[in-house]
Amino acid sequence: MSNPERNDLDDYKFLRIIDAISSINQKVNLIGVITEIGVAKQSRGTDCCCTLKIVDESNASAGISVNFFAENFEKLPQVESGGDIIQLVRVVMKGHRSGVNVLFDKKFSSFALYEGREGSKFVPYQVSSKFRARDEDNKFIAGLRKWTVSNQPATVSSDSLSLKDIKPGHPSNLICKVLHICEVNDGEWMIFVWDGTDAPPQDIHTKLRLDEELENPLPLQLEATPLSRKILCKFPTVGTVLRMTNDKCNEKMDLHLLKAGKWVQFRNINFEVRSGLWCGIVLPKSKFSYFPDDNDYTLQCQRTNEERVKSKWDRKPFTCFPWPSKITDTDYQHVPFATLMDVLTYPKVIAKFRCVVRVVATMPGHPRDFQDSSGTYRLRLTLEDPTARIHAYVYAEDGVKFFGGHPSIDTMIKMHNTLLGVEETNDFESNEKPRNPPWVECCLNSYNIDKNDIWGSIRYRIFATTLMG
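As the structure is a prediction and not an experimental result, all values here were calculated from the model.

About the criteria used
- Residues numbered from 1 in each chain as written.
- Predicted model: local features only at pLDDT ≥ 70, side-chain atom pairs only at ≥ 80, totals over all residues.
- Heavy atoms only, no water.
- Helix = DSSP H or I, 4+ residues; strand = E, 2+ residues; numbered from the N terminus.
- Buried < 20%, exposed > 50% of the residue type's maximum accessible area, 1.4 Å probe, protein only.
- Contact = heavy atoms within 4.5 Å.
- Areas by Shrake-Rupley, 256 points an atom, 1.4 Å probe, with all protein chains shown as cover.
- Phe/Tyr/Trp six-rings, centres within 6.5 Å; stacked < 30°, edge-to-face > 60°.
- Polar contact = N/O pair within 3.5 Å; in protein donor to acceptor, adjacent residues only side chain to side chain.
- 1 Å grid on protein atoms, 1.4 Å probe; cavity = no way out; pocket = protein on both sides within 12 Å on 5 of 7 lines; lining within 4 Å.
- Points joined across faces, edges and corners; volume = space filled by probe spheres on them.
- Nonpolar A, V, L, I, M, F, W, Y, C, P; charged D, E, K, R; others polar.
- UniProt positions renumbered as here; feature names shortened; annotations may be inferred.
- Core = buried A, V, L, I, M, F, W, Y, C linked by side-chain atoms within 4.5 Å.
- Salt bridge = Lys/Arg side-chain N within 4 Å of Asp/Glu carboxyl O.
- Pairing = 2+ DSSP bridges.

1. A look at the overall build of the protein
Inference 1: Within the protein, the secondary structure is distributed over nine helices and 22 strands.
Inference 2: Along the longest, intermediate and shortest principal axes, the C-alpha atoms of the protein span 95 × 45 × 45 Å.
Inference 3: Taken over 469 residues, the protein has a buried fraction of 51%.
Inference 4: A sequence separation of at least 24 residues applies to 67% of the contacts in the protein between residues at least 6 apart.
Inference 5: Carbon and sulfur atoms provide 49% of the accessible area of the protein, an area that totals close to 22,000 Å².

2. Regarding the packing of aromatic side chains
Inference 1: Under the counting rule described, the total for this entry stands at 16 aromatic pairs.
Inference 2: A centroid spacing of 5.1 Å and a plane angle of 20° characterise the contact between Tyr-377 and Phe-403, whose relative ring orientation is stacked. With Tyr-377 in the loop between β17 (351-363) and β18 (378-385) and Phe-403 in helix α8 (residues 397-403), this residue pair connects regions lying 26 residues apart in the sequence.
Inference 3: Judged by relative accessible area, Phe-403 falls into the buried class, the value being 4%.
Inference 4: Aromatic rings pair up to connect Phe-370, Tyr-377, Phe-402 and Phe-403 into one cluster.

3. Focus on the environment of Thr-330
Inference 1: Relative to the elements of secondary structure, Thr-330 occurs in strand β16 (residues 328-330).
Inference 2: Spatially, the C-alpha atom of Thr-330 lies 9.5 Å from that of Phe-402, the residues being 72 residues apart in sequence.
Inference 3: Non-local contacts of Thr-330, meaning those with residues more than four positions away in its chain, are made with Arg-354, Glu-441, Cys-442, Cys-443, Ala-464 and Thr-465.
Inference 4: Within polar-contact distance, the side chain of Thr-330 engages the side chain of Gln-333 at 2.9 Å.

4. A look at empty space enclosed by the protein
Inference 1: Taken as a whole and judged by the stated rule, the model has four cavities of 30 Å³ or more.
Inference 2: Here the largest cavity defines a volume of roughly 130 Å³.
Inference 3: Considering the residues around the largest cavity, the lining is formed by 15 residues, among which Ile-37, Gly-38, Ala-40, Leu-257 and Phe-288 are closest to the centre.
Inference 4: For the lining of the largest cavity, a count of residues per class yields twelve nonpolar, two polar and one charged.

5. Thoughts on the environment of Ala-361
Inference 1: Note that Ala-361 resides in strand β17.
Inference 2: Residue classification places Ala-361 among the buried positions, given a relative accessible area of 6%.
Inference 3: Taking the C-alpha atoms as reference, Ala-361 lies 53 Å from Val-127; in sequence the two are 234 residues apart.
Inference 4: Beyond its immediate stretch of four places on either side in the chain, Ala-361 contacts Glu-213, Leu-218, Arg-380, Leu-381, Thr-382 and Leu-420.

6. Brief notes about unusual backbone geometry
Inference 1: At the junction of Phe-321 and Pro-322, the peptide bond is cis and its omega measures out at 5° in the coordinates.
Inference 2: The residue Pro-322 is located in the loop between α6 (296-310) and β16 in this model.
Inference 3: Between Met-363 and the following residue, Pro-364, the backbone shows a cis peptide bond with an omega angle of 5°.
Inference 4: Its location among the elements puts Pro-364 in the loop between β17 and β18.
Inference 5: Positioned with a positive phi, Asn-25 is a non-glycine residue whose angle comes to about 65°.
Inference 6: On the secondary structure map, Asn-25 appears in the loop between α2 (17-20) and β1 (27-38).
Inference 7: Phi at Asn-268 takes a positive value of approximately 60°, unusual for a residue other than glycine.
Inference 8: Summarising the element assignment, Asn-268 is placed in strand β14 (residues 263-274).

7. Description of the UniProt feature "domain: Telomeric single stranded DNA binding POT1/Cdc13" (unreviewed entry) in the protein
Inference 1: In the numbering used here, UniProt assigns the "domain: Telomeric single stranded DNA binding POT1/Cdc13" (unreviewed entry) feature to residues 14-149.
Inference 2: Segment residues 14-149 splits into 12% helix and 40% strand. End C-alpha atoms: 21 Å apart.

8. Remarks on the nonpolar core
Inference 1: If you look at the biggest cluster of nonpolar residues, it comprises 52 residues, and the most contacted ones within it are Leu-30, Phe-68, Ile-86, Leu-88, Ile-191 and Phe-266.
Inference 2: In contact with Leu-30, not counting residues within four places along its chain, are Phe-14, Leu-15, Ala-20, Ile-86, Gln-87, Leu-88, Val-91, Met-93 and Val-102.
Inference 3: Within the second largest apolar cluster, 33 residues are counted, among which are Val-349, Phe-402, Met-412 and Tyr-460.

9. Quick word on the environment of Met-190
Inference 1: Along the chain, Met-190 falls in strand β11 (residues 188-194).
Inference 2: Between the alpha carbons of Met-190 and Leu-222 there is a distance of 9.5 Å; along the sequence they are 32 residues apart.
Inference 3: Met-190 has contacts with His-180, Ile-181, Cys-182, Val-184, Leu-222, Glu-223, Arg-243, Met-244 and Thr-245, leaving out every residue within four places of it along the chain.

10. A closer look at the layout of surface pockets
Over the atoms, a rolled probe matching the size of one water molecule traces out where space is still vacant.
Inference 1: The calculated volume of the largest pocket comes to roughly 950 Å³.
Inference 2: Every residue lining the largest pocket is counted, 37 residues in all, and those nearest its centre are Leu-220, Gln-221, Leu-344, Ala-388 and Arg-389.
Inference 3: Listing elements by their share of the lining of the largest pocket, those giving two or more residues are α5 (229-232), β12 (242-245), β15 (277-291), α7 (340-345), β18, β19 (388-395) and β21 (458-463).
Inference 4: Here the element with the most residues in the lining of the largest pocket is β19; it accounts for five residues.
Inference 5: For the lining of the largest pocket, the residue count by class is 22 nonpolar, eight polar and seven charged.
Inference 6: Approximately 400 Å³ is the volume attributed to the second largest pocket.

11. As for the pattern of salt bridges
Inference 1: Enumeration according to the criterion identifies 19 salt bridges in this entry.
Inference 2: For Glu-423, the salt bridge identified is with Lys-433, shortest N-O distance 3.4 Å. Placement of the pair is Glu-423 in the loop between α9 (409-420) and β20 (440-448) and Lys-433 in the loop between α9 and β20, with a sequence separation of ten residues.

12. Some remarks on the pairing of strand β7 (residues 110-114)
Inference 1: Most of β7 is tucked away, with five of its five residues classed as buried.
Inference 2: Here β7 shows no split at all, with Ser-110, Ala-112 and Tyr-114 on one side and Phe-111 and Leu-113 on the other all buried.
Inference 3: The sheet contact formed by strand β5 (residues 85-96) and β7 spans five bridges and is antiparallel. Bridge assignment links Leu-88 to a residue of β7, and that residue is Phe-111.
Inference 4: Bridging between β7 and strand β8 (residues 126-127) involves two bridges; their strand directions are antiparallel. Paired with Ala-112 across the bridge in β8 is Val-127.

Here it is, written out as structure tokens:
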């Protein structure tokens, strides 16, 4: 694909990016490989906008940014894969202090998106309303496809993180797989991403008051309505599934244009901790690029996950290695560990599991209320591991086993504080310091309470587990 070939078409010629850069304020035609995508958002006016970065053989490293404006999100380019090709007709070259970029003007510009894989058809999968295809364009598309085989633009940024390395409050880059996208509120989208590693556990910032868990319970997930079992069963059972959202931004952004099932490199995203749960924040300046499934980085992530899934013991959280704390003991030491996502997605209603978890909350909040007037244990624990949070109940004889009988209130308070990671204090209810619950073993039994709603009424209880005094 050479420059003289392009100049043969005087009425409709393509410029190389390196030549177009000197054509300030002129309308030009370009064709390039997409390497980066900006998050689609509402402009300051009534339009929607986004930015793409494209490269060609004349400018393979730096590329150039193309700014799009359209009446709605659906009319913006909806790129399906990394390395796809975009054809731009009558776009305007603009000069700024930061350099030169391209303006797509909805009044007269047009575009077409093509698959970037060599051997794909020459039929665009998305075109703008003013675009008119020509047979002569096919040779340029074929040339770019051939060029990208040996000039793969998707590269891993040296400062990209995995989920095990994330920290709150610092704009970061993240490589992950998009598992699911849904609208959780009007205009607020949530992305569920994963890379096979465990996000680090966080301190719990809740007050130890009698009614705290009753009045303000720790959420089991960040989304108001939990995902259906059908969706959860499609998620990996090992590794953190991070929720990402745009709800902290003042600008309306459209995250549903991301493609589920794709590996993505996000740039300039933030991380927060909400009620002890990690949340990724997509910013107006955030960008992303798709990674091919056969990229070295993504293949390594998938191989590591497969090895971990097959291992008898590696379903334990990374941060509890070599072994969880010894403050609990179970009767099923020979049973392999399961994650809480294993528990939530198990194909049978009634089953038993051995897990490594943190106990992040109890209800009732004070140990003196763990038993009713007849001495029967009745309490609910909130358990978490890197994959999920669930409620698990301790009832009757299971409670006797768990607490080693009916110890004194002072002993129960000490056991409770150890389990929840509470610093010792003279006043139980005034302790508002952050808590860091230890990793502990427990056995769980799943059951249902409504035969007419088997999966909807599933519950979990702790059994065969003893809290060491």
